[in-house]
Amino acid sequence: MRRRSGSWPPKVRRSWRWTSTSTPRRPSPTSSATASWPVRVDVRSEDQWADLVSEVEARFGSVDVLVNNAGIADPALLEDWKGARLQRTIDVNLVGVLNGIQAVTPAMRRAGGGSIVNIGSVGAFNGVPRMSGYVATKWAVRGLTKSAALELGAHGIRVNAVHPGQTRTPMTEGVVFDTSAVALGRVGEPEDIAHAVLFLASDHSRFITGSDLVVDGGQLAGQADYSGLPQ
Ligand SMILES: NC(=O)c1ccc[n+]([C@@H]2O[C@H](COP(=O)([O-])OP(=O)(O)OC[C@H]3O[C@@H](n4cnc5c(N)ncnc54)[C@H](O)[C@@H]3O)[C@@H](O)[C@H]2O)c1
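Residues numbered from 1 in each chain as written. Predicted model: local features only at pLDDT ≥ 70, side-chain atom pairs only at ≥ 80, totals over all residues.

Visitor: Please clarify how the overall build of the protein should be interpreted in this entry.
Guide: Helix and strand counts for the protein come out as four helices and four strands. When the helices and strands of the protein are listed from N to C terminus, the series reads α-β-α-β-α-β-α-β. Expressed as a percentage of the 231 residues in the protein, the buried residues total 30%. (Helix = DSSP H or I, 4+ residues; strand = E, 2+ residues; numbered from the N terminus. Buried ≥ 20, exposed ≤ 12 C-beta atoms within 10 Å, placed from the backbone.)

And the structure:
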């Protein structure tokens, strides 16, 4: 949740490690140390978000970046998108994103600004059979991103969305990818998405807010079927 500003690519600063037997050495809020540590948060829980934000402020002094990445995909026919399946998808993919934005906003205001990146999907621009509930939440994340950007811009907080196309992750394990409509002719890798997120998290995108950055190899650009063209 730390924004790295300044040089490109962002500098990797001195890291610190957990000690094996006792409490971790904590960098003071003013030190230049950067760290990551494992933490389990259910994005549906406002209380867990609040604890996480407090912990980050205590460790690092401020909260500068939030990437709302958590999401679930639970394919089902239209008539089965109801009850617990629908509610769980809404709770994680939409309420989780809203919870995250609400949780970090006061901390980012204290820090004088920040960058929030919500992970949407190419499904936020069209329909996908058997993914009705999922697609609905991703369209909602687009709207939420723009509304939050309008409201938080005055506080120096930027809110943008990255929309991955089909990407090789555990979520798509077992999926038979069809890249015939992808201009670049391949499936995305997590790094393809991460580079776009890093751009929006950094000050290199300092005049960009409320935007949709599609990272899909050209899938949404149109039909990439070259078969009818002269060779
Ligand atoms: N993989 C794709 O092709 C693709 C395409 C478009 C959009 N996306 C989006 O990218 C994001 C990342 O997905 P991914 O492909 O890496 O899938 P993934 O399943 O590998 O990652 C999703 C992560 O969300 C976490 N998560 C689920 N419910 C949670 C909860 N209640 N609280 C906290 N964490 C929770 C999971 O533990 C998992 O680590 C998702 O928002 C997904 O909708 C993925």
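Visitor: When you look at the pairing of strand S4 (residues 212-215) in this model, what are you seeing that I'm missing?
Guide: Look at any regular strand and the pattern is simple: side chains alternate between the two faces of the sheet. Where strand S3 (residues 157-164) and S4 come together, four bridges link them in parallel fashion. Across the sheet, Val-162 pairs through a bridge with Leu-213, a residue of S4. You can see the chain leave S3, run along helix H4 (residues 190-201) and come back into S4, and the turn it takes is left-handed. (Pairing = 2+ DSSP bridges. Right-handed = clockwise from strand over helix to strand, strands pointing away.)

Visitor: What is the right way to look at helix H1 (residues 46-60) in this model?
Guide: Three or four residues apart is the spacing at which side chains of an α-helix point the same way, because the helix has 3.6 residues per turn. Its 15 residues place the ends of H1 21 Å apart at the C-alpha level, agreeing with the 21 Å of an ideal helix rising 1.5 Å per residue. All buried positions along H1 are accounted for by Trp-49, Leu-52, Val-53, Val-56 and Phe-60. In a view along the axis of H1, the buried residues occupy a sector of 100°, so they form one face of it. Looking at H1, the residues exposed on the side facing more than 90 degrees away from the buried face are Asp-47 and Ala-58. (Expected span 1.5 Å × (residues − 1). Arc of directions from axis to C-beta.)

Visitor: What's the story with helix H3 (residues 132-152) in this structure? I'm lost.
Guide: Helix length check: H3, at 21 residues, gives a terminal C-alpha distance of 30 Å against a target of 30 Å (1.5 Å per residue), a fit within 8%. Within H3 the residues assigned to the buried category are Gly-133, Tyr-134, Val-135, Thr-137, Lys-138, Val-141, Leu-144, Thr-145, Ala-148 and Leu-152.

Visitor: Can you walk me through the packing of H1 against helix H2 (residues 83-111) in this structure?
Guide: Think of two packed helices as two axes; the pair is described by the angle between the axes and how far apart they sit. Axis separation between H1 and H2 bottoms out at 9 Å; the angle between their running directions is 35°. In the packing of H1 onto H2, the handedness of the crossing is right-handed. Note on element contacts: H2 touches H1 through Asn-99, Gly-100, Ala-103, Val-104 and Ala-107, opposite Glu-46, Trp-49, Ala-50, Val-53 and Glu-57. (Axes fitted to C-alpha atoms, helices over the stretch in contact; angles between N-to-C directions. Left-handed = near helix turned anticlockwise from the far one by under 90°. Contact = placed C-beta atoms within 7 Å.)

Visitor: Before we go on, may I ask you to explain the packing of H2 against H3 in this structure?
Guide: Where H2 meets H3, the axes come as close as 9 Å, and the angle between the chain directions of the two elements is 15°. It follows from the interaxial angle that H2 and H3 lie roughly parallel. When the axes of H2 and H3 are compared, the crossing they make is right-handed. Taking contact as the criterion, the partners of Arg-85, Leu-86, Thr-89, Ile-90, Asn-93, Leu-94, Val-97, Leu-98, Ile-101 and Thr-105 in H2 are, on H3, Gly-133, Tyr-134, Thr-137, Lys-138, Ala-140, Val-141, Leu-144, Ala-148 and Leu-152. (Parallel < 35°, antiparallel > 145°, perpendicular 65-115°, else oblique.)

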